[in-house]
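The primary structure of each chain is shown beneath.
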Protein chains: 2
Amino acid sequence: MGFEQAWLSYGVLRKESKWRGIERICADPASPVMKNAVGELQKALGTMTGKEPVLCSGADKEAAGTRCIRFRQDGEGKADGYHVYEESGDVVIAASSDCGMLYGAFELIRQAQIGNSPVGLDIAKDPVMPLRMLNHWDNMDGSIERGYSGNSFFFDHDEILVDDRTVTYARLLASVGINGAVINNVNVKDAATWLITDRYFDKLRQLSEIFAGYGIRLFLSLNYAAPVELGELDSADPLSEEVGKWWKDRMKLVFEQVPHLGGFLIKADSEGRPGPFTYGRTHADGANMLAEAVEPYGGLIIWRCFVYNCKQDWRDYKTDRARSGYDNFIELDGAFRDNVILQIKNGPMDFQVREPVHPLFGGLKDTNQMLEVQIAQEYTGQQRHVCYLIPMFQEVLGFRTYVTETDDTVKDLVSGKTFGHTKCGMAAVANTGNDENWTGHDLAAANLYGFGRLAFDPSALAEEIAREWVVRTFGEDEEVCEVLLFILMNSWRAYEMYNAPLGIGWMVNPNYHYGPSVDGYEYDRWGTYHRADHLGIGVDRSHHGTGYAGLYREPNASMYDSPESCPDELLLFFHHMPYDHKLQSGKTVIQHIYDTHFEGVELVDEMVKRFESLEGKIPDKAYRRMLDRFRHQKEHAREWRDQINTYFYRKSGMDDEKGRQIF
Amino acid sequence: MGFEQAWLSYGVLRKESKWRGIERICADPASPVMKNAVGELQKALGTMTGKEPVLCSGADKEAAGTRCIRFRQDGEGKADGYHVYEESGDVVIAASSDCGMLYGAFELIRQAQIGNSPVGLDIAKDPVMPLRMLNHWDNMDGSIERGYSGNSFFFDHDEILVDDRTVTYARLLASVGINGAVINNVNVKDAATWLITDRYFDKLRQLSEIFAGYGIRLFLSLNYAAPVELGELDSADPLSEEVGKWWKDRMKLVFEQVPHLGGFLIKADSEGRPGPFTYGRTHADGANMLAEAVEPYGGLIIWRCFVYNCKQDWRDYKTDRARSGYDNFIELDGAFRDNVILQIKNGPMDFQVREPVHPLFGGLKDTNQMLEVQIAQEYTGQQRHVCYLIPMFQEVLGFRTYVTETDDTVKDLVSGKTFGHTKCGMAAVANTGNDENWTGHDLAAANLYGFGRLAFDPSALAEEIAREWVVRTFGEDEEVCEVLLFILMNSWRAYEMYNAPLGIGWMVNPNYHYGPSVDGYEYDRWGTYHRADHLGIGVDRSHHGTGYAGLYREPNASMYDSPESCPDELLLFFHHMPYDHKLQSGKTVIQHIYDTHFEGVELVDEMVKRFESLEGKIPDKAYRRMLDRFRHQKEHAREWRDQINTYFYRKSGMDDEKGRQIF
């Protein structure tokens, strides 16, 4: 399938733009990364100005009257940081690494696209998070688990695809500073188990070289039971010498064949995946065995903390899935090798529209940590509803854990600031597929873009990122910009309003996770309940209940533990409350449910109305794609509203004080 | 896959049995049916007595001291009826048709199996229903829609299978008097549309000849849009001359190639299937066009009445799916050609564990009618729970419609007694597949067996049929018989007890239709709602509501219309009632829900306990198969109990007066 260039589709700059007149790039690119840095500048400025800058030698600084872009080796910044600035009409990219040069080049392209001048330019940036990764849940048959943008562009029919799209993908990632990608699903089955065998080495090497040229390390998801499933051993016991040796031999082979490989992501003992529990061993045993095997090659083991009992009895009020990640890992703090990273989802459940921050953040002190978010909108509208998630991620990153007195936010933890870790960062479950526009909903691309920007620089404001993305994608038309910003910046809020109320989550159709079903998971085995009866709703996670609130450090623990101080938006996550309980907002729980659901739909209507005003102002193809989705969202938001309002009206018998229609 | 012989697996008779000593069969079998009649007797008596009777000429009645079975042409009974009796130590099978002879032969086998003596034998039977059919929902890829016994034995990979299993299938059907089978799914798609083309004629002919040898007519489900989907016409408008001619030509070809074909079953304008509505025509237009095309060949058009709006808005309280079959067809009464039969499901919804009888029975006067039941246990435990359905079918057949003053039951209507119809009868959606035991649950075979016996003779008692089936399948051990009879005869009641209460139905997981989900269909588009709120539950189908009750003739209409006279077991089907309403049983609705759900589980426990006492007394393979299912049923019945009780406890806030555990 054909594909578009997303935010790297360059428009023509205004006549007075000072980027015009930069006619040379002075460089002697030796490495693939440097060649790409130069190439990207040539392509971008060539399209934007109509005249592609000529490549001259780095030594050739003076040419009669023409301005140039120069590269300057500079040891000052962090690795992969850059400093771009004007120097006597020229533009200098200074960095200590090739990758920093590439990022500097993309910074210039960004500045040109958003209408800033090279005159007086002076921007220095170091990437704040060491690891900025995408996790693709692509299966080797070409399907994507929780994929809403077509099929995989990495795999088809159990083969690895390497083509033009691969290159554009790498360019898009590098342009926002993403430096790692896991290309296969964490649920590793069938052919994917064989990715670490010679069946796939050639293609993996090709892929990893393209990636490396853009500063991206290729990672793979690993099947913990590979030695067994490949038919070579009878056991995958991490403390067995034989198993350890098998992995060492295997990793030697893998890294010899695919030297650019960054390491592996592992989902073990979770949702039916094998793991060390099978052998009565701990996650530390399992992770460390693998870490030892990849250590000689600088490899990383990224170990997911999404471990819980997925066969819970709904009748069991004591077991609390929210506790499970914490309970499974907290005692292993300090037990992991230095090249192991624990990857922790933003919340304790699973990417709901609203969750508290995962208590392992601030719990763990002596363990490398990575924050996992999901830009694939599994529970947030599946890229049919618009839901710009960067504001949510920013809230998470800004959450104070109180693990130390200062520098204790999630951002500080995963950027390494709190404890001086260097193997840490942020990963996003990817929202891309082989759709022409990459992300199904055109506006979903803002999440991909924003994730990279945020991981590179978490101080960037969600709205600024959105504005930048809009301008780079759709150009500088102020009306387009205003409308799309209005939509993006209201979208998460709107979705939350017509979704499950007050942090309780999970009111979705089982399996698909799309569309409302209040009781969809209520009597199921997944540990995801709302416990609504005719008097009230919510899960008691206070010290009267499962004690989950106590997993946080003070003052968070006390704040969450009491319904008086618990923030409204998480009240039902932490407490079972009567429908007539008054929120801090002054509304009762039931009236809040009714109000938010009616108002959420009104907000969507407003979004769609404004969007429709853009006909003719953005490319028609994109307009049509979005319009289809907006019309669906409008309808579907009503379905959410009516099902949830009706459910609670029927259950509580309490009238909407505004007398609106409930069925 | 291998297969067993079900109730045609013959045991050895006791030494003193008078069936021993029948050493000859005197006959001159010329037709395939007669050859099969003789062959079945030889096979059965040979196994049961250890000595296969010799075939002698029909003229050769006297052989020194040996007894024989003789066939006697007899014009007295109905076509396909028979009279079997002892005559001077010999056994005579008298009938007016070959098929009657075959049924007589199977009657003798049955008598021998259940331990009756040939001495004094004198049984005369005419089939009560003219058509006794199975409807297979088998797809040509080998899957079976709503199949719970493995894959199809008719189709695989778009090819028709004809093998040993086909013959045993025909023998099983003939042994219980079934005389027609539709082999492909009513949802005709893909390859199945091509069944009426030369791609499949050879195999269909072979199949139909095997069937014909056992008195069974082969039927096919037809794609109403075949002329379009086969790419030959642009329209399937039933009033178009071109379309009519296309069908006439096509049917000429089909019946020339497959002369034994009985006709076609059609699901039109239903659940996405094409039909005459597409062209603004009536179902009579559609059916009559096809009927005209098959008429020269004695073909029948069986037209399903399962037509309803499957895209209802759950917010719409006025539309009533239960009305739709009646509303769509009642005005067409008298408009159908003589070789059209309307096939009407037993209830107005879709094979729930409890429904009222379909109001078209007693509504239609001048239309051939066939009763459709479902022995595939789609909504009644999917052949993992035991649910012997013959008692339910008997209730349906015995229902007085008051369309005439006497002879007005459903049985009278579909046997032709009421209006003198001859094209009528009963069809069952089949429960067979390529599992070794044919029906998944061994006890589900009692439904296949019982359906045939009931259609042949609706006066047979469900318990008698069950006893007969048990003895024929598992032998005469009295304890085995008692235990299995207890289980079978309590199974429908038990399933109803722990299922959706008081006739409301539909509290199942969407799509699969397995396992409890009280709100599973509540906010969906299928017209299947319970409308429960904190005060009460049920759908008002009285004259205050949708008016459905008024579709029945008096006194049924009045009986259903009032909550006072409406039978308890259908109360919530017809009325929305408060939880504290007192039933005729003296219990409140809510207490009835609690009691039946607790007691239903207790009944299952008792069934399983008794079943476990049979270890070693029935073949181990069958015991293990059933034990697995019983253990699951025991667990799963608890899931039903707890989900439904909890749902209503939470919603109503009303305590169980016995204080049992609700979650």
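Residues numbered from 1 in each chain as written. Chains lettered and ligands numbered in written order. Predicted model: local features only at pLDDT ≥ 70, side-chain atom pairs only at ≥ 80, totals over all residues. Heavy atoms only, no water.

## Comments concerning the interface of chain B and chain A
Here's step 1: Opposite the 24 residues of chain B that make contact, chain A presents 24 residues.
Here's step 2: Carbon and sulfur atoms supply 50% of the area buried between chain B and chain A, which totals about 2,100 Å² over both sides.
Here's step 3: For the chain B face of the interface with chain A, the top three residues by lost area are Arg315, Tyr523 and Arg650 of chain B, together amounting to 36%.
Here's step 4: At the surface where chain B touches chain A, the tally comes to six salt bridges.
Here's step 5: Close ionic contact of Glu522 of chain A with Arg650 of chain B constitutes a salt bridge, the shortest N to O distance being 2.7 Å.
Here's step 6: The interface formed by chain B and chain A includes 14 residue pairs in polar contact (both at pLDDT 80 or more).
Here's step 7: For the side of chain B that touches chain A, the per-class residue count stands at eight nonpolar, six polar and 10 charged. (Contact = heavy atoms within 4.5 Å. Buried area = accessible area lost by both parts, 1.4 Å probe. Salt bridge = Lys/Arg side-chain N within 4 Å of Asp/Glu carboxyl O. Polar contact = N/O pair within 3.5 Å; in protein donor to acceptor, adjacent residues only side chain to side chain. Nonpolar A, V, L, I, M, F, W, Y, C, P; charged D, E, K, R; others polar.)

## Thoughts on the packing of helix 11 (residues 445–456) of chain B against helix 12 (residues 462–474) of chain B
Residues and elements named next belong to chain B.
Here's step 1: Following both chains from N to C, one finds helix 11 and helix 12 inclined at 125°, their axes separated by 10 Å at the closest point. In this view, helix 11 runs oblique relative to helix 12, as classed from their interaxial angle. Once helix 11 is placed against helix 12, the crossing between them reads as right-handed. From helix 11, Ala445, Ala446, Tyr449, Gly450, Arg453 and Leu454 reach across to helix 12, where they touch Ile465, Glu468, Trp469 and Arg472.
Here's step 2: A class-by-class count of the residues in the contact of helix 11 with helix 12 yields six nonpolar, one polar and three charged. (Axes fitted to C-alpha atoms, helices over the stretch in contact; angles between N-to-C directions. Helix = DSSP H or I, 4+ residues; strand = E, 2+ residues; numbered from the N terminus. Parallel < 35°, antiparallel > 145°, perpendicular 65-115°, else oblique. Left-handed = near helix turned anticlockwise from the far one by under 90°.)

## A closer look at the pattern of salt bridges
Here's step 1: For the structure on display, the rule yields 94 salt bridges over all chains.
Here's step 2: Note that Asp320 of chain A is salt-bridged to Arg541 of chain A, the shortest N-O span being 3.0 Å. Of the two residues, Asp320 of chain A is situated in the loop between strand 13 (300–304) and helix 8 (321–329) and Arg541 of chain A in the loop between strand 17 (536–537) and helix 14 (556–561); the sequence distance between them amounts to 221 residues.
Here's step 3: Asp320 of chain A sits in the buried class, given a relative accessible area of 6%.
Here's step 4: Arg541 of chain A gets classed as buried once you look at its relative accessible area, which sits at 4%.
Here's step 5: In this structure, Asp642 of chain B engages Arg641 of chain B in a salt bridge whose closest nitrogen and oxygen atoms are separated by 2.9 Å. One exposure class covers both Asp642 of chain B and Arg641 of chain B, and it is buried. (Buried < 20%, exposed > 50% of the residue type's maximum accessible area, 1.4 Å probe, protein only.)

## Structural notes on the environment of Cys68 of chain A
Here's step 1: Here Cys68 of chain A shows up in strand 3 (residues 67–73).
Here's step 2: Residues contacting Cys68 of chain A, with those up to four places away along its chain left out, are Ile22, Arg24, Cys26, Asp90 and Val91 of chain A.

## Here's the deal with the side chain of Asp656 of chain B
Residues and elements named next belong to chain B.
Here's step 1: Mapped onto the secondary structure, Asp656 falls in the segment after helix 17 (620–652).
Here's step 2: In terms of polar contacts, Asp656 uses its side chain to reach the side chain of Gln591, at 2.8 Å.
Here's step 3: Not counting residues within four places of it along the chain, the set of residues in contact with Asp656 comprises Gln591, Tyr594, Asp595, Phe598 and Ile662.

## Let's talk about the confidence of the model for chain A
Here's step 1: Mean pLDDT over chain A stands at 96; residues scoring 70 or higher make up 99%.
Here's step 2: Interface predicted TM-score (ipTM) for the complex: 0.88; the corresponding pTM is 0.92. (pLDDT = per-residue confidence, 0-100.)

## Re the sheet that holds strand 12 (residues 263–266) of chain A
Residue and element names in this part refer to chain A.
Here's step 1: A barrel is described by the order of its strands in space; here eight strands give the closed sequence 7-10-11-12-13-14-15-16, paired in parallel fashion. Averaged over all pairs of adjacent strands, the angle between their axes in this sheet comes to 25°, without regard to strand direction.
Here's step 2: One ladder, built from three bridges, connects strand 10 (residues 180–182) with strand 11 (residues 217–221); its direction is parallel. Bridging across to strand 11, Gly180 finds its partner in Arg217.
Here's step 3: Most of the contacts of helix 7 (residues 283–294) go to strand 13, to which it runs at about 160°, and overall it touches strand 12, strand 13 and strand 14 (340–345). (Pairing = 2+ DSSP bridges.)

## Re the environment of Gly547 of chain A
All names here are of chain A.
Here's step 1: By the element assignment, Gly547 lies in the loop between strand 17 and helix 14.
Here's step 2: Measuring from C-alpha to C-alpha, the distance between Gly547 and Tyr379 comes to 26 Å, with 168 residues separating the pair along the chain.
Here's step 3: Residues in contact with Gly547, not counting those within four places in the same chain, are Arg323, Arg541 and Ser542.

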